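# Coordinates in review
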Amino acid sequence: MDNTLFDKTFRDDEGNIVIAQKPNLPILLWLGATLLKFIVPEGNLYLILDTLALGSLFTWAWLELFQGVNYFRRFLGLVVLLVIFASRLQA
């Protein structure tokens with residue numbers, strides 16, 4: 001297999017083009033906590049859910065940045081980390 005920029009950007013080690021993957025535990029936790037935040041709009045439980053959502057999304061982005069299967073997935077992790085930091089700076 002050639003090691004072109006396209007291959008490094010979009011292909012995994014087996015040569016498959018990978019843009020999206022099956023959700024892993026951190027992204028599922030983030031989704032669940034985020035959805036529950038709509039049901040619990042305030043209070044201590046909301047803060048716990050918000051912290052869980054933030055920590056899970058941060059973990060997912062960190063894993064993608066350093067262990068992503070290709071450059072696209074690593075870039076996606078970086079973008080999500082930057083969005084997390086930017087959104088928390090504005091809050």
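Below or above, wherever it landed, is the structure these notes cover. What you see is a predicted model; the values in this text were computed from it and never measured.

The rules we used
- Residues numbered from 1 in each chain as written.
- Predicted model: local features only at pLDDT ≥ 70, side-chain atom pairs only at ≥ 80, totals over all residues.
- Heavy atoms only, no water.
- Phe/Tyr/Trp six-rings, centres within 6.5 Å; stacked < 30°, edge-to-face > 60°.
- Helix = DSSP H or I, 4+ residues; strand = E, 2+ residues; numbered from the N terminus.
- Buried < 20%, exposed > 50% of the residue type's maximum accessible area, 1.4 Å probe, protein only.

Attention now goes to the packing of aromatic side chains. Here the structure, examined in full by the defined rule, presents 5 aromatic pairs. On the basis of an interplanar angle of 45 degrees and a centroid distance of 5.2 Å, the ring pair of F6 and F10 is categorised as tilted. On the criterion of helical spacing, the pair formed by F6 and F10 is a turn pair, its members being 4 residues apart in helix α1 (residues 5–10). F6 gets classed as partly exposed once you look at its relative accessible area, which sits at 42%. A residue is classified by how much of its surface remains accessible, and F10, at 23% relative accessible area, is partly exposed. Relative to F66, the ring of W62 lies with its centre 4.7 Å away and its plane at 50 degrees, an arrangement referred to as tilted. A residue pair is termed a helical-turn pair when its members lie 3 or 4 positions apart in one helix, as W62 and F66 do in helix α3 (residues 44–67) at 4 residues. You can call W62 partly exposed: its relative accessible area is 44%. The class of F66 is partly exposed, set by a relative accessible area of 48%. In this structure an aromatic cluster arises from ring pairing among F58, W62, F66 and F85.

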